[in-house]
Amino acid sequence: MTMIEDNRLFHDAVGRLEKAFQYADIDREVIERLKQPKAVLHVSVPLRMDDGSLKLFNGYRVRHDDTRGPTKGGIRYHPDVTIEQIKTLAFWMTFKCAVVGIPFGGAKGGITVNPKELSRLELERLSRGFIRTIADFIGPETDIPAPDVYTNARIMGWMMDEYSKIKRQHTSSVITGKPIELGGSLGRYDATGRGAYYCIKELERILKFEPSNTTVAVQGFGNAGQSVARLLHQDSYRVVAVSDSHGGIYKAEGFDVPSLIRFKNEIRQVKAVYCKETLCEMVEADRITNQQLLELDVDILIPAALENQITDVNAERIKAPIIVEIANGPTTPAADLILNENGKLIIPDILANAGGVTVSYFEWVQNKAGYYWSLEKVINRLHEIMARQFNTVYKLREEKGIPMRTAAYVTALRRIGKAIEAKGTQSYFHNSSHP
Ligand code: NAD
């Protein structure tokens, strides 16, 4: 990502507030407060490499807004991580937590690093070192990290352990997405994909489409992309294309998704395979690029990789009538305009991928209570929240005749706005008739 694209990301994200404001019926001050993050931390993380040399990595943690509760958001390890990107992701987290109605604000963190170039021991030292540099900035009642791109449960476990050592007390609620054995929640692993799946199930009910006649393409076959593909496949949806950073595969009849997942996770490649017990064999499929995947003639397109995938360059060529954004920010505002004009129905990121943070909230609640829920309870509660909030947003879309994205921002903005107003805005302090 270039510097200019990077600055545009935050600018574009904030721009969406103005659009939502006209429908939200809240004080103007609310918008002004949300245009800047509450706090930004930039650290340098020293790492002793296995060969004895020392390397320094840039790390960031941004807390965007904590009006509705402690801030919450993942930690990303990626060579393209920048402060502007982390600010934008923190901004989106504020709205995501509000749109599903959980009592958190938004935050995000990251290290500019290619984790694939580190040994496991280097990765552990880097993760623990990062926590040592940000320990005073985070905490179970202030800011609670979680996994994001190229971080996982094991890394969260190391981070929780390091934080607990610093504080000299076991503090499982400082971080979510941990291994189950270290206080993680059942159901967290596939919660993001599952949340998106519940959004699609609500659409299926409203628009009355038949799963076995419905084709799906998934860009980014990682944690979230695999989960949604697996659940849709179980319901007879036809998953006809998937991809990773190296490219994708396409098969018109649809893939056996569990085989693809097994192969991808064992061999680290997306290949058209069919697996029976321990035996996997190749099946016929076309190799496609990530761009071709986005432009396929499918019913549902699921971008589940990175930001800025659908832009003004390719938006006209997008054929799928329904787009479910699992990645954060896969569609630029310019592309959004084109897609809306072309009548596409977009389930926006802040709603479609909110299942992850919702189960993270459940994990935090369980850690604080010291009492753990069954998988069934986690899944039922996630389903209830996703279905309810999806329908709130969908109803607003119908009532106001606005895109789903604007409706999601309006829903979130109203909730954040009410919380900010409850603390007092200019209209309160200048009106002496108030108590
Ligand atoms: P992951 O690291 O498990 O998977 C990412 C996948 O995307 C990998 O398969 C990678 O090969 C692929 N990829 C990377 N660059 C690509 C490219 N240019 N084109 C196509 N594929 C590419 O990450 P994840 O946790 O599944 O997250 C995916 C997206 O979902 C991210 O945008 C993340 O912010 C968002 N998200 C994840 C969660 C969660 O709980 N995991 C929650 C909310 C949002």
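Let me sum up the structure you'll find in this document. (Residues numbered from 1 in each chain as written. Predicted model: local features only at pLDDT ≥ 70, side-chain atom pairs only at ≥ 80, totals over all residues. Heavy atoms only, no water.)

Notes on the site of the ligand
By nearness alone, 24 residues border the ligand, and T192, N223, A224, A305 and N328 come closest of all. Residue R188 places a side-chain N or O atom 3.4 Å away from an oxygen atom belonging to the ligand. Elements that contribute at least two residues to the shell around the ligand include exactly helix 7 (223-234) and strand 7 (238-244). Residues belonging to the shell around the ligand are distributed by class as follows: nine nonpolar, 10 polar and five charged. (Near = heavy atom within 4 Å. Polar contact = N/O pair within 3.5 Å; in protein donor to acceptor, adjacent residues only side chain to side chain. Helix = DSSP H or I, 4+ residues; strand = E, 2+ residues; numbered from the N terminus. Nonpolar A, V, L, I, M, F, W, Y, C, P; charged D, E, K, R; others polar.)

With respect to empty space enclosed by the protein
All chains considered together, the criterion is met by one cavity of 30 Å³ or more. What the largest cavity holds in volume is close to 60 Å³. Along the walls of the largest cavity sit L9, D12, A13, R16, W92, N308, G329, T331, T332 and P333, which together make up its complete lining. In terms of residue count, the dominant contributor to the lining of the largest cavity is helix 1 (residues 3-24) (four residues). Split by domain, the lining of the largest cavity shows at least three residues from each of two domains, domain 1 (3-12 + 37-172) and domain 2 (191-352). (1 Å grid on protein atoms, 1.4 Å probe; cavity = no way out; pocket = protein on both sides within 12 Å on 5 of 7 lines; lining within 4 Å. Points joined across faces, edges and corners; volume = space filled by probe spheres on them. Domains from an automatic or database assignment.)

Digging into the pairing of strand 9 (residues 273-276)
The side chains of a regular strand alternate between the sheet's two faces. Of the two faces of strand 9, the one holding V273 and C275 is buried and the one holding Y274 and K276 is not buried anywhere. Across four bridges, strand 9 lies against strand 10 (residues 279-282) in antiparallel orientation. Opposite Y274, over in strand 10, you have E281 as the bridge partner. Counting the residues that bridge the hairpin from strand 9 to strand 10 gives two residues, and of these E277 lies at a positive phi of roughly 50°. (Buried < 20%, exposed > 50% of the residue type's maximum accessible area, 1.4 Å probe, protein only. Pairing = 2+ DSSP bridges.)

Quick word on the packing of aromatic side chains
For any pair of aromatic rings, the description rests on two quantities: the centre-to-centre distance and the angle between the ring planes. Under the criterion given, the structure shown has 11 aromatic pairs. Ring plane angle 45° and centroid distance 4.8 Å describe the contact between F91 and F95, whose orientation is recorded as tilted. With a gap of four residues between them, F91 and F95 both fall in helix 3 (residues 83-99), about one helical turn apart. Here F91 matches F95 in class, with each residue buried. On the basis of an interplanar angle of 15° and a centroid distance of 5.8 Å, the ring pair of F390 and Y394 is categorised as stacked. Taken together, the residues span about one helical turn, with F390 and Y394 both in helix 13 (residues 375-400) at a distance of four residues. Summarising the burial analysis for this pair, F390 and Y394 share the class buried. Here the aromatic cluster, defined as three or more aromatic residues joined through ring pairs, consists of F104, Y361, F362, W364 and W373. Sitting over the ring of F21, R28 keeps its end group 4.9 Å from the ring centre. (Phe/Tyr/Trp six-rings, centres within 6.5 Å; stacked < 30°, edge-to-face > 60°. Lys NZ or Arg CZ within 6 Å of the ring centre and 35° of its normal.)

Some words on the pattern of salt bridges
With the rule as written, the count across this model stands at 35 salt bridges. For the salt bridge of R405 with D349, the shortest nitrogen-to-oxygen distance reads 3.8 Å. You can see R405 sitting in helix 14 (residues 404-422) and its partner D349 sitting in helix 11 (residues 349-352), a full 56 residues away along the chain. You'll find R405 and D349 in the same group, each marked buried. In the salt-bridge network here, residues are joined through shared partners; they are E124, R128, R132, D161, E162 and K165. (Salt bridge = Lys/Arg side-chain N within 4 Å of Asp/Glu carboxyl O.)

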